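Each chain is listed here by its residues.
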Amino acid sequence: MDSQVATIGTAAALSLAAAYVLFPRSSKNPFSTDARTPVKPFEYSKDARNNVVKPGYSKSKLEKYLKANGNPDAIVIGSGIGAMTTATIMAKAGKKVLVLEQHDQLGGCCHSFHEKGFEFDTGVHYVGEMRNNTAIRFLFDQLTNGQLQWNDVADDYDTVVLVDDKNQDAKSLEVIERHNKAGTTLPSFQCSMLSGRERTIKELLKSFPSEEKAIRNYYDLLTEVRKAMRGFVGIKFMPKFLATLLIKTGLVNQYTTYFKLAEKSLTEVLDELTDNKTLKAVLAYNFGDYGTMPKDAPFVMHAVLVNHFLNGVSYPVGGSSEFAYHMFPIVEAAGGKAFVRAEVDEIVCNESGAAVGVKLKKDGTVIKAPMIISNAGLYNTAEMLPPTVSPLKSMCESGVQNGVGGISVYVGLNKSNAELNLKGKHFWAFWTEKGMEDLDGVSQKYVDRPANELASGPVPLLFISFPSAKDPLWDKKHPGKSSATIVSFCNYDWFKDWENDRVMHRGEEYEERKKKIGELIWKQTVALFPQLRDCVEYFDVGTPVTNRYYIRANKGEMYGLDHNKERFTAEATNELRAETDIKNLYLCGQDIFNCGIAGAAFGGLLCASKTLGRNIYADLVNLKGKSAPSIPK
C-alpha cells in the first residue's frame, strides 16, 4: 500500500513539474478578472441577430479585415462549441482569431434554424451542471460575459418509456397504427430520472423494490468514475512524452483507475450488477446521448454522462443560438473576425511540414497565420492536409472510428405548449420485449436492416423532446405554436448514395426514403402522445447526409468519433489531444475530449491551454474562487 501511494505521488509530482514546463505563463491570463456584466434584454430582432451569427464571407470583406488588423494570431476552422471556446479564451488573452465556418451561420451543432414560423435547435437538448456553482457553469459565464442565461428543465428531466414489443415487424406497426387512428395512448412501462442522486434512487426503488443493492452499487460506481476522471484529464493536460512514459511503464494504472474502469463495457458492468433485464434497460437508457450501443461503450463514458446530469439539467434561455450570439462579439472586440460560407479546402504547410495557413474552397484564397486550430473533427482535418504531410497518422490509427449516423425529425405544431400539455422534459422510448429487454439486440437489428426495409418495423429507440416547452421565451417568440424534436440512430448506408448531392437536390427516391422513416418515427411518437394528432403544421427530416452537408459529419454521425471502448484506452486518450505531430496545428472540440456541450467546450479549453502556453483551467478555478458564485447561495 505504501509503495502504491508513493508511486501515485511520484506520478502526480511528475505531472505537476511538467505543468511548469508546458505552461510557462507567457500569455496573458484570459480569466484575470470576472467578466460578467449585467444581463441585457433579449434581442428578438432576427435581423440584429443575423448580423452577429451570419457574417457572410467575401474576398473583399476578408481583405478589408486583414488590411485593418493584419494577419490573425490564429485561424480556427469551424465554429462549434469547441471552436467558440478556444477562440473566445484566446481573444480574452489578447489574441486576434479568425474563425472560418463552412455553413451559413455560426455555431456548429449549437445553431438554430427557422422555418415556417418555427425555430429548431440542431444539437442542444439539455446541459448538466448549470444548476450549481460548478467550474463548467462558471466557464460559460465568463465566455459570454454573463449574458448566457439558463432555464432549469423539469426535475423529472428524463423518462424511460419501455413499450412491450415481441415482434419488431409489421405486427408491431399495426398496433401503432391502431392507436394512432383511435387517438389512444400506447401502453408502456415508465420510470423517471430526477435531479439528485437519492431522489433518483428512491424513484427507481418504486419500480424495482428488490434491487436496492444493485441500484446503490451502480451509483457508487458513478462516484468512483467521477474521482477517476481526473486521471483522464491529467493525461490530456500533461506532455505527451510523460503520458507515454506512464503508459509504457504501467504506472498509469497507479496514477489513475480510469483506464482499468474503461476496459469494461456498459453492458458488462450492468450484467455484473443485476440479472433484472428491465432494470438494466432503465440504467442504460441514455446511451443515445453519446451514440454508442451499451455493448460497445465503456462504462466510464456512460458514468461521466450520468454524473453530468445527476443534479438536474438546464436549457439556454432563448435557444442554442445564444452561444454564438454572445461569444463571437468578444472575439471581434479583440481584433478577430468570423465568416460563414468560408469553407476551408486545405491546410497549407511549408516545406518542413509545418502548418502556416489555410486555403479557401470558394475562391482559392490563402490566409496565413502562425497557428491553425481545427474544430472540423479528426478525419476532416486529416483530409485537409496536403499529401506530403503525414495525415495525423498516430491519431487516426489509435483504434478510433466514425460514430453512428443520426436522424432527426423536426415538427412544428399549431397549438401552444399549454394547449397540448407539453412539458420541458425528455422521453427515451424503446420498443423491446417486456421482461426480456435487450437494448443492444434491438438497436443492432434495426441498424442492420437493408435500406429497402428501413421502415419494416418500429424504430426501437426514440429520443423525444419538446424544445418549445424548455425555453421560457418561446411563447413570446412563437405565440400559439409549439415544437417537437425526435432523434434516433440511422444507418449511414441507407442514404449513402446521396452523400455528394446538394441539399434540396437529392431527388425523388431520397425524399421518399427519408419521408418513410420520418413518418414512421412520428407515428410512434403520436402513439405515445395522442394529443399531437392532427396538429402538424411543419414537418422535416434530417438524415445522416443532412449532417454531412451542414456540419461536415463524415458518416452522418451526431457525436464525432465513436465513443467506444477503443477510444478510451490510455493509448488512444494520449493520442487524441489538442497538440498534433504537425507543427502549429492544433485540434479542439469533442474529438479530443468527449461529446456534448460540456465535453466539447472542455476540449476547447484544453486547446486554448496549449496555444496560449498556460494552464487555463487553473486560471478559471482561481478566478472562480475569488468571485461571486454563479448562483447566489
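Everything in this summary refers to the structure shown in the same document. Keep in mind that this is a model prediction, so the values were computed, not measured. (Residues numbered from 1 in each chain as written. Predicted model: local features only at pLDDT ≥ 70, side-chain atom pairs only at ≥ 80, totals over all residues. Heavy atoms only, no water.)

1. Focus on the nonpolar core
(1) Moving on: Counting 197 residues, the largest nonpolar core has I81, L100, F140 and F323 as its most contacted members.
(2) Moving on: Among the elements that make up this core, the one with the highest residue count is helix α8 (residues 212-237) (twelve residues).
(3) Moving on: Excluding residues within four positions of it along the chain, L100 makes contact with I75, V76, I77, G78, F339, A342, V344, V358, L360 and I367.
(4) Moving on: Counting residues in each nonpolar core, the second largest holds six residues, with F113, F120, W474 and Y538 among its members. (Core = buried A, V, L, I, M, F, W, Y, C linked by side-chain atoms within 4.5 Å. Buried < 20%, exposed > 50% of the residue type's maximum accessible area, 1.4 Å probe, protein only. Helix = DSSP H or I, 4+ residues; strand = E, 2+ residues; numbered from the N terminus. Contact = heavy atoms within 4.5 Å.)

2. A look at the packing of aromatic side chains
(1) Moving on: Under the definition given, this model contains 32 aromatic pairs.
(2) Moving on: Aromatic ring contacts, followed pair by pair, group F232, Y258, F259, F568, F593, F602 and Y617 into a single cluster.
(3) Moving on: Over the face of the ring belonging to Y325 we find R49, whose NZ or CZ atom lies 4.4 Å from the ring centre.
(4) Moving on: Seen from the ring of F118, K481 lies directly overhead, with NZ or CZ sitting 4.7 Å from the centre. (Phe/Tyr/Trp six-rings, centres within 6.5 Å; stacked < 30°, edge-to-face > 60°. Lys NZ or Arg CZ within 6 Å of the ring centre and 35° of its normal.)

3. Topic: the sheet that holds strand β6 (residues 150-152)
(1) Moving on: What the three strands build is an open sheet, ordered β5-β9-β6; its pairing is antiparallel. With one partner strand each, in any of the chains shown, β5 (127-128) and β6 form the two edges of the open sheet.
(2) Moving on: Examined bridge by bridge, β6 and strand β9 (residues 313-316) share three bridges and lie antiparallel to one another. In the strand pairing of β9, W150 is matched with P316. (Pairing = 2+ DSSP bridges.)

4. Quick word on helix α15 (residues 322-333)
Each α-helix winds once per 3.6 residues, and so residues spaced three or four apart point in a common direction.
(1) Moving on: Relative to the 16 Å expected for twelve residues at 1.5 Å per residue, α15 spans 18 Å between its end C-alpha atoms, a close match to the ideal helical length.
(2) Moving on: Residues of α15 that are buried: E322, F323, A324, Y325, H326, M327, F328, I330 and V331.
(3) Moving on: Where α15 ends, the next residue or the one after it, G335, has phi of about 95°, a positive value. (Expected span 1.5 Å × (residues − 1).)

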